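Given next are the chains, with one letter for each unit.
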Amino acid sequence: MEKLILQGINGIIYGLIYALIASGLTLIWGIMDFINLAHGELYMIGAFLGWLFLSFILKGFWLSLIASVVIVTLIGLTLRKTVLMPIIGKDPLYSILATYGVSLVFQQTALAVFGPTCQSISMPLSGKVFILSKEYSVYRLLVVAMAFSVIGMVWLFMKKSKWGIWIRAVAQDKEMAPCLGIPVSSVYTIVFVLASAMAAIAGVIISPIFGIHSGMGNEVILTAFIIVMIGGLGNYVGSVIAGILIGEVIAIGTIWLSPTQATAVCWIILLLTLLVRPQGLFRRQFI
Amino acid sequence: MLRVENIYTYYGKSNILQGVSLEVKRREVVALLGRNGVGKTTTLKSIIGINHPKEGKIYLENEGEMTDITILPPNRIVSFGVSYVPEDRRIFPQLAVSENLRIGIDIFFNDKESKQAVLEKIFSYFPVLKERLNQEGKSLSGGEQQMLAIARAITTKPRLILMDEPSEGLMPLLVNKIKEIIRQFKEEGISILLVEQNAEMALDVSDRAYVMEKGMIQWAGTSSDIMKDKALLSKYLGVS
């Protein structure tokens with residue numbers, strides 16, 4: 001029972017990290033009709049930058065987090081301006097091939113520079129709490145709080161701010177939105193900034209728990225796509241709920257199954273979802 | 001106010017507009033008439049910047065000079081004072097009525113007072129929208145959606161409104177309301193280029209009219225003249 005509860009909390013952590021990545025993916029896909037296979041690499045680069053800053057340049061985890069997010073956001077923007085801008089609006093095959101190429105470049109560069117070994121960061125908070133007589137890391141609980149806060153802030157931004165309304169308008173009707181004065185290109189830029197920042201935050205805050213290696217983006221991107229499909233394309237809240245669901249399946253599944261088998265269960269859930277509700281568990285909605 | 005000079009617009013390889021020229025003066029309501037598929041909607045889409053013409057020029061009066069807007073994107077053209085009410089309303093279905101209105105208001109009005117003033121103006125035209133502010137666009141009736149589409153056009157501080165089939169699918173009472181609003185806009189100094197299948201309605205509210213066929217303007221004149229020309233009405237508009 002204790003193990004089940006602890007794994008349940010771990011599932012929320014995994015789920016929220018997946019949700020941070022998947023919600024960025026669903027924003028880009030839902031709003032720009034753009035499938036970004038390099039999105040997982042932004043998560044990986046975020047983690048590596050956090051480790052680099054913390055190990056060699058800056059003192060303190062939180063400063064390193066901010067610096068990493070800023071740089072990954074700049075990388076995301078550079079990607080948008082260079083690789084992605086010329087192919088936006090074209091057949092999805094263009095975006096799949098181009099972003100897969102970018103993802104390979106990032107992965108192989110990370111492998112060449114940092115090697116195949118997993119790097120680690122010590123937890124910025126070393127405290128423990130007792131959950132049902134078992135010790136549990138305070139930092140893990142902080143990850144839950146931070147991920148929830150970021151997800152909540154982005155949701156509020158989308159719901160209440162001028163830019164949030166513009167983003168939703170563009171997602172719903174790309175032709176009409178500029179006819180009301182919305183600068184669609186700037187909207188795409190903001191979406192990229194948000195998605196890149198969320199991926200970077202996920203990468204840095206989870207690195208003390210998961211470690212850092214060049215394949216981590218590749219590992220997470222397929223699960224993130226499963227979450228996007230289950231949550232309903234473009235549905236931000238749906239992707240968060242689906243993220244937690246998949247996180248729980250993987251965490252609780254690993255009590256009885258190997259991690260690979262638990263991931264296979266996720267694929268089975270996706271297949272069943274697509275059979276029963278092709279639009280995902282939640283409707284196709286924009287935020 | 002607006003001058004369209006000999007434009008050719010394509011959808012893919014199909015040449016839809018084949019040398020369209022027209023003009024809309026200040027405070028003028030101009031009807032663009034014709035049967036289905038003759039290029040009326042494409043003309044409006046060319047002007048607003050959705051489908052740029054491959055040949056020809058579109059000029060808009062801006063601060064006393066005629067500015068070339070032929071290849072500008074829609075958001076730039078709107079900023080020059082051109083609004084667009086599309087054929088199928090195209091309201092944002094998953095945005096609340098208030099959000100549909102807020103888009104233009106946030107872009108074109110700076111202070112709280114002027115934002116409130118434009119909202120009050122919209123509610124004076126369409127009181128029902130005040131009651132629907134928190135409803136999603138898709139939950140409105142067809143007539144309410146049309147009102148919202150016109151209200152949304154007001155939020156962009158227009159000097160010229162391009163209206164595409166505003167009476168389509170509306171009951172006669174609402175068609176009269178639309179006519180009344182078009183007249184009010186004219187009194188306020190707003191010019192209107194009105195595309196309509198309902199020739200009777202369009203000619204009733206317009207000062208001048210153009211009749212299109214096969215992507216070209218076939219006839220131009222005052223609305224009172226065309227109303228007297230039964231042969232023309234029958235030939236191009238199917239009105240007996």
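Residues numbered from 1 in each chain as written. Chains lettered and ligands numbered in written order. Predicted model: local features only at pLDDT ≥ 70, side-chain atom pairs only at ≥ 80, totals over all residues. Heavy atoms only, no water.

J.: I'm lost on the nonpolar core in this one. Help?
T.: The nonpolar side chains of soluble globular proteins are, as a tendency, buried together. Counting residues in each nonpolar core, the largest one holds 180 residues, and the members touching the most others are Leu20 of chain A together with Leu2, Phe185 and Leu193 of chain B. Split by domain, the residues of this core number at least three in each of domain 1 (2–81 + 158–237) and domain 2 (91–157) of chain B. Apart from the residues within four sequence positions on either side, Phe185 of chain B is in contact with Tyr125, Ile150, Ile154, Ile161, Met163, Ile190 and Ile192 of chain B. (Core = buried A, V, L, I, M, F, W, Y, C linked by side-chain atoms within 4.5 Å. Buried < 20%, exposed > 50% of the residue type's maximum accessible area, 1.4 Å probe, protein only. Domains from an automatic or database assignment. Contact = heavy atoms within 4.5 Å.)

J.: What is the right way to look at the domain arrangement of chain B in this model?
T.: Reports often express the size of an interface as the amount of accessible area lost when the parts come together. Residues and elements named next belong to chain B. By the assigned domains, chain B splits into domain 1 (2–81 + 158–237) and domain 2 (91–157). The distance between the C-alpha centroids of domain 1 and domain 2 comes to 24 Å. Taken together, the two surfaces of domain 1 and domain 2 that pack against each other cover about 1,200 Å², and 72% of this comes from carbon and sulfur. Its largest share of buried area at the contact with domain 2, domain 1 owes to Val78, Pro158 and Phe185, together 32% of the area lost on that side. For the pair domain 1 and domain 2, the interface holds one salt bridge. Ionic pairing is found between Glu188 and Lys121, a salt bridge with its closest N-O pair at 3.1 Å. (Buried area = accessible area lost by both parts, 1.4 Å probe. Salt bridge = Lys/Arg side-chain N within 4 Å of Asp/Glu carboxyl O.)

J.: Sorry if this is basic, but what is going on with the sheet that holds strand β8 (residues 191–196) of chain B here?
T.: Strands in a sheet are paired, the pairing made by backbone hydrogen bonds, and the direction either parallel or antiparallel. Residue and element names in this part refer to chain B. Taken together, six strands build an open sheet; the order of strands is β6-β7-β8-β3-β9-β10 and the sheet is mixed. Of all strands in the sheet, those with a lone pairing partner are β6 (82–85) and β10 (216–222), marking the two edges. The sheet shows a mean angle of 15° between the axes of neighbouring strands, direction not considered. The sheet contact formed by strand β3 (residues 29–33) and strand β9 (residues 208–213) spans four bridges and is parallel. When the bridges of β9 are listed, Leu32 appears paired with Tyr210. Seen against the sheet, helix α6 (residues 142–154) touches β6 and β7 (160–164) and runs at an angle of roughly 170° to β6. (Pairing = 2+ DSSP bridges. Helix = DSSP H or I, 4+ residues; strand = E, 2+ residues; numbered from the N terminus. Axes fitted to C-alpha atoms, helices over the stretch in contact; angles between N-to-C directions.)

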